[in-house]
Amino acid sequence: MASFDSINYSLRPSKSVQRGIIFEGLKALLSAMNLQNPIYIGFGSIWFSDFVMAHKVLEIDEMISIEADEVGFRRAEFNRAYRSIRVIEGRSEERIPELLNQAGYQARPWIVWLDYDGALDEDKAEEMRWLVLNAPPNSIVLFTFSATQNAYGRPTHRPGRIADILGDVVPDELSSDVCDKENLPQTLANLSMDFLSSVVADNARPGGFIRSFQVPYFDSVGMVTVGGVLPAVGTAPSARAVVADPKWKGIVGEMIQAPPMTLREVAVLQAELPCVGDLTRARVQELGFDLLDHQIRSFQKYYKYLPNFAEIVA
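Please read these numbers as outputs of a predicted model, since none were measured by experiment. (Residues numbered from 1 in each chain as written. Predicted model: local features only at pLDDT ≥ 70, side-chain atom pairs only at ≥ 80, totals over all residues. Heavy atoms only, no water.)

## A word on the packing of aromatic side chains
Inference 1: Tallied over the full model, the rule gives seven aromatic pairs.
Inference 2: On the basis of an interplanar angle of 55° and a centroid distance of 5.4 Å, the ring pair of F213 and W248 is categorised as tilted. Here the residue F213 occupies a position in strand β6 (residues 210-218), and W248 occupies one in the loop between α8 (236-244) and α9 (263-270), the gap between them amounting to 35 residues. Here F213 matches W248 in class, with each residue buried.
Inference 3: In textbook terms, an aromatic cluster arises when at least three aromatic residues are bridged by ring pairs, as seen for F23, Y40, F48, F51 and W113.
Inference 4: When the ring centre of Y116 is taken as origin, the NZ or CZ atom of K124, which lies over that ring, is 5.4 Å away. (Phe/Tyr/Trp six-rings, centres within 6.5 Å; stacked < 30°, edge-to-face > 60°. Helix = DSSP H or I, 4+ residues; strand = E, 2+ residues; numbered from the N terminus. Buried < 20%, exposed > 50% of the residue type's maximum accessible area, 1.4 Å probe, protein only. Lys NZ or Arg CZ within 6 Å of the ring centre and 35° of its normal.)

## Topic: the layout of surface pockets
Inference 1: Approximately 310 Å³ is the volume found for the second largest pocket.
Inference 2: Surrounding the second largest pocket, 17 residues form its lining, K181, E182, P185, F218 and M255 being those nearest its centre.
Inference 3: Listing elements by their share of the lining of the second largest pocket, those giving two or more residues are α7 (184-202) and β6. (1 Å grid on protein atoms, 1.4 Å probe; cavity = no way out; pocket = protein on both sides within 12 Å on 5 of 7 lines; lining within 4 Å. Points joined across faces, edges and corners; volume = space filled by probe spheres on them.)

## Observations regarding helix α5 (residues 122-134)
One full turn of an α-helix is made of 3.6 residues, so residues set three or four places apart face in the same direction.
Inference 1: Here α5 is 13 residues long and its end C-alpha atoms lie 18 Å apart, about the 18 Å a rise of 1.5 Å per residue gives.
Inference 2: Within α5, burial applies to K124, A125, E127, M128, L131 and V132. Down the axis of α5, the buried set is contained in an arc of 160°. They therefore lie on one face.
Inference 3: Those residues of α5 that are buried are in contact with α4 (92-100), β4 (110-119), β5 (139-146), α6 (158-166), α7 and β7 (222-230). (Expected span 1.5 Å × (residues − 1). Arc of directions from axis to C-beta. Contact = heavy atoms within 4.5 Å.)

## Observations regarding the pattern of salt bridges
Inference 1: One pass over the full model with this rule turns up 13 salt bridges.
Inference 2: A salt bridge links E126 to R129, with the nearest nitrogen and oxygen atoms 3.6 Å apart. Remark: R129 and E126 occur in helix α5; sequence separation between them is three residues, near one turn of the helix.
Inference 3: Salt-bridge contacts for R283 lead to E272; the nearest nitrogen and oxygen are separated by 3.0 Å. Residue R283 is found in helix α10 (residues 281-286), and its partner E272 is found in the loop between α9 and α10; the two are separated by eleven residues along the sequence.
Inference 4: Put simply, E272, R283 and E286 are held in one network by salt bridges that share partners. (Salt bridge = Lys/Arg side-chain N within 4 Å of Asp/Glu carboxyl O.)

## Observations regarding a negative patch on the surface
Inference 1: On the surface, a cluster of negative charge is contributed by D168, D172, E173 and D202.
Inference 2: By the secondary structure assignment, D202 is in helix α7. (Patch = residues over 30% accessible without salt bridge, like charges linked within 9 Å, V, L, I, M, F, W, Y side chains within 5 Å. Areas by Shrake-Rupley, 256 points an atom, 1.4 Å probe, with all protein chains shown as cover. Lys, Arg positive; Asp, Glu negative; His and termini not counted. Charge placed at Lys NZ, Arg CZ, Asp CG, Glu CD.)

## Quick notes on the nonpolar core
Inference 1: Counting 50 residues, the largest nonpolar core has L26, L29, Y40, F213, I256 and L269 as the members making the most contacts within it.
Inference 2: Among the elements that make up this core, the one with the highest residue count is helix α1 (residues 13-33) (eight residues).
Inference 3: What L26 contacts, discounting residues up to four positions off in sequence, is L58, I111, I140, L142 and F213.
Inference 4: In terms of nonpolar packing, the next biggest core, distinct from the first, is built from 44 residues, L131, F143, A147 and F195 among them. (Core = buried A, V, L, I, M, F, W, Y, C linked by side-chain atoms within 4.5 Å.)

Structural data, given as structure tokens:
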């Protein structure tokens, strides 16, 4: 079953935080690198949430959405958020190389976000390899995949399974302890970034690969987004400076897990922010309700990225 049949991508709070971090970072990179006329390529599904942000936040007009599902393709055509979005039917590993061969696509920077439904596997790793080697100079590539532990086998088998997917970047001594439910997202994030860096270094791509985005998050399952910049030699220093800035938010050290909260709770807690110190559980209790410490910390850190919802009853 296609994911659009079970998930409304516009209503996932942790996904909204992840998306906000990604697009804030993309905007900073595009500005610093002075990238002109980029193309946005991704999986818009029938919701086009990231395409709307690409247009509004990054001011990108030309966008391409790839849809492999036959019904999904027709629904995506119907639900296109903007007339400048072109929906093409087929699998990304086939359609993206075709784009590179079309006039007008070779010399322009691409922003490619392949937001996969499922777990990382050999086919996805091969597509990641192809993109970091073949995307035009000054492109930015992003990949999202599931980090739920069941998709990678039993705990004792997971290190071997990850090694099968990512190859030599996986150390022989990788422990099953770092592949358990709590640690697997960060382990996959680190190793997949090592994989991308290694592919670019081994093939001596000019400009290299700048590790820019590493965002684990949790909705109903653990997910990971990784990616970076494939700069031209001349723009590499500008891109590296952006990512090296202490204010850079694209590398997230802990799982993003937006707490489930009512509209009233959000409004009351949001009215306390921003504040100099940390919100405490005692303060939340004074406000009339309660949250766990990690939920309060997550809200304070990411409240700017949370979506605003309201129910209208006619």
